[in-house]
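Coordinate analysis (summary)
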Amino acid sequence: MAPPFLSLILLFLIKVASSSAQGPPSPGYYPSSRVRSIGFDQGYRNLWGPQHQNEDQGGISIWLDKSSGSGFKSVRSYGSGYFGAAIKVQTGYTAGVITSFYLSNNEQHPGDHDEIDIEFLGTTLDKPYVLQTNVWTKGSGDGNNLIGREHRFHLWFDPTHDFHYYAIVYNPSEIIFLVDDVPIRRYARKSDATFPLRPMWVYGSIWDASSWATEDGKYRADYNYQPFIGRYNNFKLGPASIASPSGTSGLSRQQYAAMDWVQRNYKVYDYCTDSRRDHSQTPEC
């Protein structure tokens, strides 16, 4: 029979594992249920790689092979809003491949653009996907001196098995990233210099980022596994206020608790705690 203290430790470990397996606590509020779905062609158009896209029942599949990737873009720009889509990513070896859903004004402000990213960083056969969220402001993603604001997460489910819902909330005071209505990150406006303030379009894309996407470029895209397919449906475009139970902005106490759970259990990188970074360039940290 195990000593009492060992029994207590085992009980604690079992409880923690069980809690993680069950997924995050309820956020108590589900903004995706408050926005009607639209078909792809009601809000989006092809941007590049039209031969690598297939529309079907209001959704779209885009793919990458050795010849090309593909991308799409919203018909109009937005100064704020709730932007979401159900996404299912490729299974198997996907190192070097990025499947994304993001906001940007890079075509309107080349060399000085703003961007808010949700990116699935492809992986090897033995490791889970990494979901990267990032914020670029006023050209911090342009040129050679890149200043990203990355948070990276593993997920509490396998994003290759089924569609899950991913959303970005953008308003003049904050940016919120959600997965299945659970907030995973809130980026607050602490100064005009570190927050995107110009209208942006909504994009989706799949492309080869072998130079950095998987373990800083250690593993590259292998086209023996092509095509790499990203599937999107259930698109939603709504007002930013829909994300908050108060109908204005901010998160409820229950939403904060769910976000804290995700960050404690599944966040694997935070630019603010990276000792290799020059934090004079990221004063919000």
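To be clear, the structure that these remarks concern was listed above.
A short tour of the structure in this document, coming up. (Residues numbered from 1 in each chain as written. Predicted model: local features only at pLDDT ≥ 70, side-chain atom pairs only at ≥ 80, totals over all residues. Heavy atoms only, no water.)

So, on to the state of the cysteines. Counting across every chain of the model gives one disulfide. Disulfide pairing is shown between Cys-272 and Cys-285; the S-S distance is 2.0 Å. Between Cys-272 and Cys-285, the S-S dihedral sits near -75°, and the bridge is therefore left-handed. One end of the pair, Cys-272, is in the segment after β15 (267-270); the other, Cys-285, is in the segment after β15, with 13 residues separating them in the sequence. In this structure Cys-272 comes out as partly exposed when scored by relative accessible area, which is 26%. (Disulfide = S-S within 2.5 Å. Helix = DSSP H or I, 4+ residues; strand = E, 2+ residues; numbered from the N terminus. Buried < 20%, exposed > 50% of the residue type's maximum accessible area, 1.4 Å probe, protein only.)

This next bit is on the sheet that holds strand β10 (residues 164-171). The strand order across the open sheet built from seven strands is β2-β3-β14-β5-β10-β11-β12, with neighbouring strands paired in antiparallel fashion. Here the strands that pair on one side only, and so sit at the sheet edges, are β2 (53-56) and β12 (182-188). Recorded for the sheet is a direction-independent mean angle of 20° between the axes of neighbouring strands. As paired elements, strand β5 (residues 81-88) and strand β14 (residues 228-238) share six bridges and run antiparallel to each other. By the bridge assignment for β14, Gly-84 is matched with Lys-236. (Pairing = 2+ DSSP bridges. Axes fitted to C-alpha atoms, helices over the stretch in contact; angles between N-to-C directions.)

What follows deals with the side chain of Thr-133. Mapped onto the elements of the fold, Thr-133 is located in strand β8 (residues 130-136). Here Arg-185 takes part through its side chain, which lies 3.0 Å from a polar atom of the side chain of Thr-133. (Polar contact = N/O pair within 3.5 Å; in protein donor to acceptor, adjacent residues only side chain to side chain.)

What the rule picks out here adds up to 11 salt bridges. Here Arg-198 makes a salt bridge to Asp-112, at a shortest N to O gap of 3.3 Å. One end of the pair, Arg-198, is in the loop between β12 and β13 (201-208); the other, Asp-112, is in the loop between β6 (97-104) and β7 (115-121), with 86 residues separating them in the sequence. One salt bridge in this structure joins Arg-264 and Asp-260, with 2.8 Å as the shortest N-O distance. Of this pair, Arg-264 and Asp-260 both sit in helix α3 (residues 253-266), separated by four residues, roughly a single helical turn. Judged by relative accessible area, Asp-260 falls into the partly exposed class, the value being 38%. (Salt bridge = Lys/Arg side-chain N within 4 Å of Asp/Glu carboxyl O.)

Among the nonpolar cores identified, the biggest contains 48 residues, and Trp-156, Ile-175 and Phe-235 are the most heavily contacted of them. A per-element tally of this core places α3 first, with four residues. Those residues in contact with Trp-156 that lie beyond four places of it in its chain are Gly-23, Pro-24, Val-179, Val-182, Ile-184, Val-262 and Tyr-266. Among the nonpolar cores identified, the runner-up in size contains 13 residues, and Ala-86, Val-169, Leu-178 and Ala-243 belong to it. (Core = buried A, V, L, I, M, F, W, Y, C linked by side-chain atoms within 4.5 Å. Contact = heavy atoms within 4.5 Å.)

Tallied over the full model, the rule gives 19 aromatic pairs. Aromatic side chains Phe-40 and Phe-235 sit 5.9 Å apart centroid to centroid with 55° between the ring planes, which places their arrangement in the tilted category. Within this pair, whereas Phe-40 is found in helix α2 (residues 40-43), its partner Phe-235 is found in strand β14, the two being separated by 195 residues in sequence. Assessed through its relative accessible area of 2%, Phe-40 is described here as buried. On the numbers, 4.9 Å between centres and 45° between planes, the contact of Tyr-44 with Phe-235 is tilted. Of the two residues, Tyr-44 is situated in strand β1 (residues 44-48) and Phe-235 in strand β14; the sequence distance between them amounts to 191 residues. For the pair Tyr-44 and Phe-235, a shared accessibility class is recorded, and that class is buried. One aromatic cluster is present, built from ring pairs that chain together Phe-40, Tyr-44, Phe-72, Tyr-232 and Phe-235. Its guanidinium or amino end placed over the ring of Trp-201, Lys-73 lies 4.9 Å from that ring's centre, counting from NZ or CZ. The cationic tip of Arg-152 hangs over the ring face of Tyr-269; the distance from NZ or CZ to the ring centre is 4.5 Å. (Phe/Tyr/Trp six-rings, centres within 6.5 Å; stacked < 30°, edge-to-face > 60°. Lys NZ or Arg CZ within 6 Å of the ring centre and 35° of its normal.)

With that settled, consider the pairing of β10. The buried count for β10 comes to eight of eight residues, which makes it a mostly enclosed element. Where β5 lies against β10, seven bridges are found, and the strand directions are antiparallel. The partner of Ile-87 across the bridge, within β10, is His-164. Judged from the six bridges that link them, β10 and strand β11 (residues 174-179) form a sheet pairing that is antiparallel. Opposite Ile-168, over in β11, you have Phe-177 as the bridge partner. Linking two consecutive strands that pair antiparallel, namely β10 and β11, is a turn of two residues.

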